[in-house]
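Summary of the model geometry
Here's the letter readout for the chains.
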Amino acid sequence: MTAPPTAPPATADDEREPEVRAKAGDPFDRDVLPTPPRATSALLRSLLAPMKARVALTSFLLLLQQAAVQAGPLLVAYAIDSAVPAFRDDRHGPLIAVGVTYLLCSVASGGLQYAFVRASARVNQDVLLDLRGRIFRHAQALSVDFHERYTSGRLISRSTTDVESLRELLNEGLQELITVILSFVYISAMLLWLDLGLGAVAVASFLPLYLLVRNYRRRAGRVYTLRSTAIAAVIVKFVETMNGIRPVRAFRREAANDAEFAVLNKRHERTNGDALLEMARYVVGSRLVANTAVALIVLWGAYRVAGGSLELGVLAAAVLYLRRLYDPIDRLGMFLNSYQSAAASLEKIAGLLAQTPSVPEPVAPRELPPLESEHPGREVVFDGVRFGYRTGGEILPRFDLSLPAGQTVAVVGSTGAGKSTLAKLLARFYDPTAGRVLLDGVDLRDLSVPELRRGVVMVTQEAFLFSGTVADNIAIGRPDASREEIERAAKAIGAHEFISALPDGYDTDVRKRGGRISAGQRQLVAFARALLADPAVLILDEATSSLDIPGERAVQRAMSTVLHGRTAVVIAHRLSTVEIADRVLVMEHGRIVEDGPPAELIAGTGRFADLHRAWRDSLA
Amino acid sequence: MSTTRATSGKRSAVRTLLRLWPYVRPVRARLFTAAFVAVLASCTGLVIPLVLKWMVDGPVADRDPAGVWLGALFLLLLGFGEALLFGLRRWLVARPLSHVEAEMRADLYGHLQRLPVAFHDRWASGQLLSRGTTDLMLLRMFLAFPLTFLLVNSVTILVGVIIMLIQDWTLGLVILAPAVPVIVSCLLFEQRYSSVARQAQDQVGDLTTVVEESVLGIRIIKGFGRHRSQARAFWELSRTLRGTELRKARLLAAILTVIVTLPEVAIGVALVLGSVQVADGELSAGTLVAFLSTALALRWPIDSIGFLLAMSQDAASATERYFEVMDEAPEDASVAGSAGARGKGLQFHNVRFRYPDAAPDAPPTLDRVDLHIRPGESMALVGATGSGKTTLTALVPRLHELTDGRITLDGEDITAMSREELRSLVAMAFEEPTLFSASVGENVLMGADDHELDRALSIAQADFAHALPQGTDTRIGEQGLSLSGGQRQRLALARAVVGRPRFLVLDDPLSALDVHTEAAVEAALRDVLADTTALIVAHRPSTVLLADRVALLSEGRITAVGTHQELLRTNAEYAHLMSGSEETGDAR
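From a predicted model like this one, the values you see are computed outputs, not experimental measurements.

Each value, and the rule that gives it
- Residues numbered from 1 in each chain as written.
- Chains lettered and ligands numbered in written order.
- Predicted model: local features only at pLDDT ≥ 70, side-chain atom pairs only at ≥ 80, totals over all residues.
- Helix = DSSP H or I, 4+ residues; strand = E, 2+ residues; numbered from the N terminus.
- Buried ≥ 20, exposed ≤ 12 C-beta atoms within 10 Å, placed from the backbone.
- Contact = placed C-beta atoms within 7 Å.
- Rg over C-alpha atoms; globule rule 2.2 N^0.38 Å.
- Pairing = 2+ DSSP bridges.
- Domains from an automatic or database assignment.
- Axes fitted to C-alpha atoms, helices over the stretch in contact; angles between N-to-C directions.
- Parallel < 35°, antiparallel > 145°, perpendicular 65-115°, else oblique.
- Left-handed = near helix turned anticlockwise from the far one by under 90°.
- Nonpolar A, V, L, I, M, F, W, Y, C, P; charged D, E, K, R; others polar.
- Core = buried A, V, L, I, M, F, W, Y, C linked by C-beta atoms within 7 Å.
- pLDDT = per-residue confidence, 0-100.

Below, the discussion takes up the overall build of chain A. Scanning chain A from terminus to terminus reveals 22 helices and 10 strands. Principal-axis analysis of the C-alpha atoms gives chain A an extent of 120 × 55 × 50 Å. Within chain A, the fraction of its 620 residues that count as buried is 54%. Taking the intrachain contacts of chain A between residues at least 6 apart in sequence as the baseline, contacts between residues at least 24 apart amount to 78%.

Below you can see the structure in the form of structure tokens.
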């Protein structure tokens, strides 16, 4: 199900597949959204900026800690070269001083380590909290159109595995990096101070190390990008299968899915292995350079001690320092490791965050004018509206429509006539390509979200339930509603009966996507939700499709009171809805072809009369 | 929120981790070799101080330049050896470990696909996903580092300590002194850390669930302008997670402090004592240098133990979470049930069904259901919202298991055949038309022969598929979101009829269609239904008329069977359901 039939057979060739698809597909297919240059580092900077002070404090703690740690070999050198001869002369002071200093340094390094781990954990967690929140809020702000194209699996992998790789970088990586840099600086300085020549050799060894690191970075960067794309594909497949488990089972797709998953999984396995091998290559290289440098320095140092131009203690200290100097190179590799994988992830996150919501919130929101009558309804005007999807093709050619406050309008027409587009424009799921949609004279684009949702609420056919209780789900309409108001809404719509019959009544957990609540019952919950929201304009898009006839009747009865005085747009295939409408619009190819009160249209000879006859026949 | 809190109690990290063995077994040779190589490499590092000692006490003290050269050459060789061995270790495990991770993921995926549908109703897919991704990555890292290095470090520390004891046993004992307190603190740490680690992982799972729901329910969130409150819920969960992570960090900081400080103090003491001994001439300068460089060379192995233990704990709870799901029994494949040929068609015999997680005192969802659909007959199933229609349909392909009673297909008990066989006989269209990220054709065929595609599309009036940009090869997004509800429903219907199944179960298949399309689909379906045994959940008279007879399901029982006209005349509840008129005498 994953490989399009035109793709090469996914065995030996599939390493090349991303490129093949890169040329063919649009950015969404490749999971590579255009990321502005430098967006990744800008994102990282903006995450760290608010905690500059704490980052500085954390670095300072590490600075002190490293100083305490790196004092050790120096004390050893002093002990061997000065304290021991002094002790022989019965001067115990220097050795006692060495001992005390060493103990102080140990305790200090332990204490500082404690402080550092805690301080850095706080910084890290705050950065992650910030980032998680940003991704979440941004994803929520992006338009429905975007969500339809980006797929939920990718969005989930942005906020899980990609955040996770940044967590690894912060938790281990950054500490490593700072430690590595600090110890390089400290130790080089110590070596140079102990002996200029030996120090110079050590510093010279940095050049090949630098080249190695650079080379590794370049090679690993490629591998990591591939790997993170591979895991995202795995996630998409995983989520999709689990969410569609019923058809998967009923159509015996298990084996076929296993095979498709295996292809994606293998690709991830391979890139993962490649990444680990790059690391192995780097470790060998850096170790070779380091160990060669140690051998050279010892050779030269020992030669000079033998020749009498160098103290033994200095050589001992130099050797101890050297071991420490090169120890962190492996860890530098690990840092680069987590850095590369975090960079790949951050780039994708930055790409997501760089998407501008196509339905942005207004900079200077306007308020709706106060209601003139006691009725909650408001006037809706489509003023020269055009709409086409990004992918091209105009769905609504120039479109003008005015719905007076309090009118209930039924919109009918065949599939693809533009009914849902009309509803989505009015609910501001999309913005028109041209023209304006006005609510009591105010452009929808000028309304803040809370104001907009006091104005317009839409109930759709797919009645998704969130995990939580039934009451929670209804309260989405108005979070501050009391239990009484929730029950009143449920009663009004005829949902109270079945909810009370649930094991815990309103407090029943709906579990995963309302597994145990039938589609019809879910639609009732969705209605109760809309009722509770008490909007000026209510849009019902196929909202009764899963109800049985008595259920639909009950909803309609409730609606006739609920909709009274409210502006309502009702899209339904079941023309029974029309009975409560004041006006009917028949749409065809994005245009209104008939418009009038239902009775008048039924009596006529137009499309609606046709439709209505067909519908009456279907009721038999 | 989470359905998966661990029953916290005594558990052994080691025993949990041992469960990984079946996955590790195939790569054991490489893994053990790698561990051995790592031990070798690590011990090579310990030989270096000995060479230094030899140089300091020998050629350096004797002013012998040739000896210095020899020593340096030896150091160089050791260095090369160490580098290559460490590289070898990584090379050995790179592919096998990715393989283990992939195998575990594939097993998880395969297993999840075969778990009862009831399991999926209970578990949020975010929790499942976090097991398939983050947890498995943790396990791979565990196999790559802590597993090897806990061994390597122990051996290295042991060898190092022996070397030090041999060189000077008093100093060696001084170095050894902190071992006991360090081990005790590690044990204490392990206990506390494990429960916090598990908690953090569960919270990540909860967070994933919120992310997932807020993406899948985006239209509702936007429709009600609730993205702020959704963001607040997310914010609170992530704050909780942050708190748990900080608790983890606090524990880690404490153990690190112990592990760093105590050995360092011991080295300080050894330095002073050693210096006294050198001054008294009891110890050579070379020995002291070698001793201290050995002690310092052991620093990393000791320091890292805290991290390694923490990673092992994380891995243990990841393992636990992984097997929590893997231990769930899949649909049992046993073929029981007797095969008494008792009449053809689709037959329900005294069927009773209760959801396995329903309260024991709750009435069963379906009770004493008897229904016989004759071969080639189509039966409409009508009932009020929530009367159990969808549940009844799910029993036929065994998406749920009967509590009691039997269902037979042409006389054969459905439990007497394999699910594979059963599901090849029965095709379904679900209330919720789920589509997968694949081409339209693949979505409809679901593995069937593709010459059937056009016929199925035309029956379901889904010919719009040919007009899509790439025709039936057009990929449709996750859950087919870019198609309208009616289009999705027609594809789901095409999917059900594509393989010319003998038995067809349709759950309200036309609810999202407009009147004209519905009429066209009905006309085409009639041909299909003429020789198919079908059960069709229906809400509308028009759908009911597709069927030869109608069964009325009321509060979990079949209360009437007959033709539409008969029932309209004789059954008040049915008349009410079909016309919406206020029936008399029924208390609903």
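Per the secondary structure count, chain B includes 22 helices and 12 strands. Taking 588 residues into account, the globule formula puts the C-alpha radius of gyration at 25 Å, and chain B, at 35 Å, lies well above it. Each principal axis of the C-alpha atoms in chain B carries an extent, and together these give about 120 × 55 × 50 Å. Within chain B, buried positions represent 55% of all 588 residues. Residue pairs at least 24 apart in sequence account for 79% of intrachain contacts in chain B once pairs closer than 6 positions are excluded.

Let's shift gears to the pairing of strand 1 (residues 380–388) of chain A. All names here are of chain A. Examined bridge by bridge, strand 1 and strand 2 (residues 394–403) share 6 bridges and lie antiparallel to one another. Each bridged residue has a counterpart across the sheet, and for Phe387 the counterpart in strand 2 is Leu396. In this sheet, strand 4 (residues 434–439) lies alongside strand 1 in antiparallel orientation, the contact comprising 5 bridges. From the neighbouring strand, Val380 faces strand 4, where its bridge partner is Leu439.

When the domains of chain B are assigned, the result is domain 1 (13–326) and domain 2 (346–579). Centre-to-centre separation of domain 1 of chain B and domain 2 of chain B, based on C-alpha positions: 55 Å.

Another point: the packing of helix 6 (residues 125–144) of chain B against helix 13 (residues 299–326) of chain B. All names here are of chain B. Contact geometry for helix 6 and helix 13: axes closest at 9 Å, N-to-C directions at 140 degrees. By the angle between their axes, helix 6 is oblique relative to helix 13. The two elements helix 6 and helix 13 cross, and the hand of that crossing is left-handed. Contacts between helix 6 and helix 13 involve Leu128, Arg131, Asp135, Leu138, Leu139, Met141 and Phe142 on the former and, on the latter, Met311, Ser312, Asp314, Ala315, Ala318, Thr319, Arg321, Tyr322 and Val325. Grouping the amino acids of the contact of helix 6 with helix 13 by side-chain chemistry returns 10 nonpolar, 2 polar and 4 charged.

Let us now look at the domain arrangement of chain A. Taken domain by domain, chain A comprises domain 1 (37–353) and domain 2 (380–417 + 429–619). Look at where the C-alpha atoms of domain 1 of chain A and domain 2 of chain A centre, and you get two points 55 Å apart.

With that out of the way, let us pick up the interface of chain B and chain A. On the side of chain A, 151 residues touch chain B, which itself brings 159 residues to the contact. The class makeup of the residues in the side of chain B that touches chain A is 77 nonpolar, 50 polar and 32 charged.

To continue, consider the sheet that holds strand 5 (residues 412–413) of chain B. Residue and element names in this part refer to chain B. Here 4 strands make up an open sheet; going across it, the order is 2-1-4-5 and the pairing antiparallel. Across the chains shown, the open sheet's two edge strands, defined by having one partner strand only, are strand 2 (366–373) and strand 5. Two strands pair when backbone bridges link them, and strand 1 (residues 346–353) and strand 4 (residues 404–409) are joined in this way by 5 bridges, in the antiparallel orientation. Residue Gln347 lies in a different strand from strand 4, and its bridge partner there is Thr408.

What follows is about unusual backbone geometry. In terms of backbone geometry, most residues other than glycine have negative phi values and most peptide bonds are trans. For Arg428 of chain A, which is not glycine, the phi torsion reads 55 degrees and is therefore positive. Mapped onto the elements, Arg428 of chain A comes out in the loop between helix 14 (419–426) and strand 4. Residue Arg428 of chain A is classed as buried on the basis of its 25 C-beta neighbours within 10 Å. Not every positive phi belongs to a glycine, and Glu555 of chain B is a case in point at roughly 45 degrees. Within the secondary structure layout, Glu555 of chain B lies in the loop between strand 11 (549–554) and strand 12 (557–562).

All names here are of chain A. One open sheet accounts for 6 strands, arranged 6-7-8-3-9-10; its pairing is mixed. With partners counted over all chains shown, the strands left at the sheet margins are strand 6 (456–459) and strand 10 (591–596), one partner each. Within the sheet, the average angular offset between the axes of one strand and its neighbour, ignoring direction, is 20 degrees. Two elements, strand 7 (residues 537–541) and strand 8 (residues 567–571), share 5 bridges in a ladder whose sense is parallel. For Leu540, the partnering residue across the bridge sits in strand 8 and is Val570. Strands strand 6 and strand 7 of the sheet are contacted by helix 19 (residues 519–533), whose axis makes an angle of about 175 degrees with strand 6.

All names here are of chain B. It is the contact of helix 6 with helix 9 (residues 179–216), at a shortest axis distance of 8 Å, that shows an interaxial angle of 120 degrees. Viewed along their axes, helix 6 and helix 9 adopt a mutual orientation that is oblique. Considering only the axes of helix 6 and helix 9, their crossing is right-handed. Across the interface between the two elements, Ser125, Gly126, Gln127, Leu129, Ser130, Thr134 and Asp135 from helix 6 touch Gln201, Val204, Gly205, Thr208, Thr209, Val211 and Glu212 from helix 9. Looking at the contact of helix 6 with helix 9 residue by residue, the classes come out as 3 nonpolar, 9 polar and 2 charged.

In this section: the environment of Leu187 of chain B. Relative to the helices and strands, Leu187 of chain B is located in helix 9. The spacing of Leu187 of chain B and Leu309 of chain B is 122 residues in sequence and 9.5 Å in space, taken between C-alpha atoms.

Soluble globular proteins tend to pack their nonpolar side chains together in the buried interior. The biggest cluster of nonpolar side chains holds 379 residues, and the ones touching the most others in it are Ala528 of chain A together with Leu381 and Ala494 of chain B. Tallying contributions element by element places helix 11 (residues 227–279) of chain B first for this core, with 20 residues. Sequence-distant contacts of Ala494 of chain B, defined by excluding residues within four places in its chain, comprise Val444, Ala456, Leu457, Ile459, Ala460 and Ala462 of chain B.

In this section: the pairing of strand 3 (residues 408–412) of chain A. Residues and elements named next belong to chain A. In terms of burial, strand 3 is largely enclosed, as 5 of its 5 residues are buried. Every second residue of strand 3 is oriented toward a common face, with Thr408, Ala410 and Val412 on one face and Val409 and Val411 on the other, all of them buried. In this structure, strand 3 lies alongside strand 8, joined through 4 bridges in parallel fashion. Directly across from Thr408, in strand 8, lies its bridge partner Ala568. Here strand 3 pairs with strand 9 (residues 583–588) via 4 bridges, running parallel. Among the inter-strand pairings, Val411 is bridged to a residue of strand 9, identified as Leu585.

Let's shift gears to the environment of Gly447 of chain B. Note on placement: Gly447 of chain B falls in the loop between helix 16 (440–445) and helix 17 (453–459). Residue Gly447 of chain B is classed as partly exposed on the basis of its C-beta count, with 14 C-beta atoms lying within 10 Å. Residues Gly447 of chain B and Gly499 of chain B, spaced 52 residues apart in sequence, show a C-alpha to C-alpha distance of 9.5 Å. Apart from residues no more than four positions distant in its own chain, Gly447 of chain B is found in contact with Arg253 and Ala256 of chain A.

Now for the confidence of the model for chain A. Residue and element names in this part refer to chain A. With 91% of its residues at a pLDDT of 70 or more, chain A has an overall mean of 81. Looking at the elements of chain A, mean pLDDT is at its lowest for helix 1 (residues 17–24), recorded as 30, and at its highest for strand 4, recorded as 91. In the predicted structure, residues 1–27 sits below a pLDDT of 50 and forms 31 contacts with residues beyond four places in sequence or in another chain.

A few words on the confidence of the model for chain B. Regions with low pLDDT carry predicted coordinates that are not meant to be interpreted in detail. Residues and elements named next belong to chain B. Residues with a pLDDT of 70 or more make up 94% of chain B, whose mean pLDDT is 83. For residues 1–10, every residue scores under 50 in pLDDT, and the model assigns this stretch 19 contacts once sequence neighbours within four places are set aside. Confidence drops under a pLDDT of 50 for residues 583–588, and excluding neighbours within four residues, the segment shows 9 contacts in the predicted structure. In the predicted assembly, ipTM is 0.82 and pTM is 0.77.

Along the chain, Met242 of chain A turns up in helix 9 (residues 206–243). The exposure class of Met242 of chain A is buried, given the 23 C-beta atoms found within 10 Å. Aside from chain neighbours lying at most four places away, what touches Met242 of chain A is Leu112, His120, Ser125 and Leu128 of chain B.

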